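These are the residues of each chain, in order.
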Amino acid sequence: IGELARAVETMRQDLQVYIKDLTESTAARERLTSELKIARTIQLSFLPKRFPEFPGESGYEVFAKLISAREVGGDLYDFFELEDRRLFFAIGDVADKGVPAALFMAMSKSIMKGLARTEADPASILDNMNRELCQENDTGMFVTLFCGILDTTNGEVIFANGGHNPPLLLRAGQGAQYLDPNKALVLGGFETTRYVNERLTLNPGDGLLLYTDGVTEALSPSGELFGAKRLLQTASPLTKITPREAIGRIMQTGLNFCADAPQADDIALLMLRYCGK
C-alpha cells in the first residue's frame, strides 16, 4: 500500500509538471502564431494593393497577386510610376521560404525601390542591387528578379533579367508566347555579375505576364507539374480581358489543377497591359 501511495504521488507530481509545460508551450505557440500573423500583415503592406482604375488616363493596366505557402514568404512584386510617364515594374523570388525568405524579400524590395528612383535603366538597377545584396551575405541567400520600365507614351519596354522565369508576351489577338531574356545569374550570388538591358515594343492592347516558379511548379495530387506549357495554354486566350480578370482565371485554373494537394511554394503573378495614349 505504501509503494502504491508513493507511485500515485509521483504520478500526481509528474502530471502537474506536464500540465505546466503544456500550458507554457501552448502559450508560446500562440505568441508565435500571433507574431507570424503580424509579420504577414507587415510584409503584405510592402506590396502595392491599389491598382489603376482608369487606364485611359495612365496609359496602362496592371494587376498582381501573391499567395504565400506559409504565413510569410519570399516572393515579391512591385510597380510604381517614374518621371516622364514611365512605369517601373518587377517580380522576384527569394530562395527558400518562411521567415528568412521574408526578411531577405523585405530587404531586396527596399533596395530595389530606392535604386529604381535614381538609376536610369533596369540593368543598372540590378547591377547595384546585386552588389548591395552580396555585401556580408553570410547566409548565402539570393533572389531571382525580372524588372522593366514601360514608356507609356510609345509602348517601349526596357527590361533586365536576374535569373528569373521568362515572362509571357501577350499580343492583342495573337495569343501568348514566352520571351527569351538574357540568362544572367541571380542577385546575391557574385558581385562581379553584370546585367544587360533588352528592349521590346508593346502595341496598344499588348501585355506582359510575370510570374514566379510557384505557378509552373505547382503539383497536382498525382505529383504532375502545372508546367510552363500549361501556363502558356491558359494565358493565350486572355488577351482581351483585364489583367485582374486574367490573373483570376489563371489562379482558378491552378486551383482546379492542384485540387487538394498542399501548396509547396509561394505564388506571385503580375500582369501589365499597355493601353496607348
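Per chain, residue numbering runs from 1 following the sequence as it is written. Selection of residues for local features in this predicted model requires a pLDDT of at least 70, selection of side-chain atom pairs for listing and counting requires 80 or more, and totals for whole chains, interfaces and linings are taken over all residues. To obtain the side-chain values, all non-hydrogen atoms of the structure were used and water was disregarded.

1. As for the sheet that holds strand β6 (residues 168-171)
In this description, strands pair whenever DSSP reports at least two bridges between them. Secondary structure is summarised from DSSP: a helix means a run of H or I of at least four residues, a strand means a run of E of at least two, and numbering begins at the N terminus for each. Pairing within the open sheet is antiparallel, and its 5 strands lie in the order β1-β10-β9-β6-β7. Bordering the open sheet on either side are β1 (60-67) and β7 (175-178), each of which pairs with just one other strand. Across this sheet, the average inter-strand angle for adjacent strands is 15°, counted without regard to direction. Looking at chain direction, β1 and strand β10 (residues 267-274) are connected through 8 bridges and run antiparallel. Residue pairing in the sheet places Phe63 in a bridge with Met271 of β10. Residues count as neighbours in contact if any of their non-hydrogen atoms are within 4.5 Å of one another. For every element, the axis is a line fit to its C-alpha atoms; helices are fit only across the contacting stretch, and the angle between N-to-C directions ranges from 0 to 180 degrees. Along the sheet, helix α6 (residues 227-235) makes contact with β6, β7 and β9 (207-211), crossing β7 at roughly 150°.

2. Comments concerning the sheet that holds strand β5 (residues 156-162)
The strand order β2-β3-β4-β5-β8 describes an open sheet built from 5 strands, whose pairing is antiparallel. The open sheet has two edge strands, β2 (75-82) and β8 (198-201), and neither has a second partner. Taking the axes of each pair of neighbouring strands and ignoring which way they run, one obtains an average angle of 15° across the sheet. Relative to strand β4 (residues 143-151), strand β3 (residues 86-94) runs antiparallel, the two being bridged by 9 bridges. Counterpart to Ala90 in the pairing with β4 is Cys147. Lying on the sheet, helix α3 (residues 98-116) is in contact with β2, β3 and β4; it crosses β2 at an angle near 15°.

3. Looking at the packing of aromatic side chains
Between rings of Phe, Tyr and Trp, where Trp is taken as its six-membered ring, a pair exists when centres lie within 6.5 Å; planes separated by under 30 degrees are stacked, by over 60 edge-to-face, and by other angles tilted. Here the structure, examined in full by the defined rule, presents 5 aromatic pairs. When the centroid spacing of 5.6 Å and the interplanar angle of 25° are considered together, the rings of Phe51 and Phe79 count as stacked. Of this pair, Phe51 sits in the loop between α1 (2-45) and α2 (55-58) while Phe79 sits in strand β2, and the two are 28 residues apart along the sequence. Ring centres of Phe146 and Phe159 lie 5.4 Å apart, and the angle between their planes is 25°; on these two criteria the pair is classed as stacked.

4. Let's talk about the packing of α3 against helix α4 (residues 122-134)
Direction vectors running N to C along α3 and α4 enclose 140°, while the axes themselves pass 10 Å from each other. It follows from the interaxial angle that α3 and α4 lie oblique. For the pair α3 and α4, the sense of crossing is right-handed. Between α3 and α4, the contacting residues are Phe104, Met107, Ser108, Ile111, Met112, Leu115 and Ala116 on the first element and Ile125, Asn128, Met129, Glu132 and Leu133 on the second. Angles are sorted into four bins: roughly parallel if under 35 degrees, roughly antiparallel if over 145, roughly perpendicular if 65 to 115, and oblique for all others. For a crossing to be left-handed, the near helix must be turned anticlockwise from the far one by less than a right angle; the clockwise case is right-handed.

5. A word on the pattern of salt bridges
A pairing counts as a salt bridge when a side-chain nitrogen of Lys or Arg comes within 4 Å of a carboxyl oxygen of Asp or Glu. This model, assessed by the stated rule, comprises 5 salt bridges. Between Asp78 and Lys109 there is a salt bridge whose closest N-O contact spans 3.0 Å. Within this pair, whereas Asp78 is found in strand β2, its partner Lys109 is found in helix α3, the two being separated by 31 residues in sequence. Judged by relative accessible area, which is 0%, Asp78 ranks as buried. Linking Glu156 and Arg199 is a salt bridge whose minimum nitrogen-to-oxygen distance equals 3.2 Å. With Glu156 in strand β5 and Arg199 in strand β8, this residue pair connects regions lying 43 residues apart in the sequence. Overall, the relative accessible area of 56% leaves Arg199 in the exposed class. The classification of residues rests on relative accessible area computed with a 1.4 Å probe and restricted to protein chains. Under 20% of the type maximum is buried, over 50% is exposed, and intermediate values are partly exposed.

Keep in mind these values describe shape, not function.
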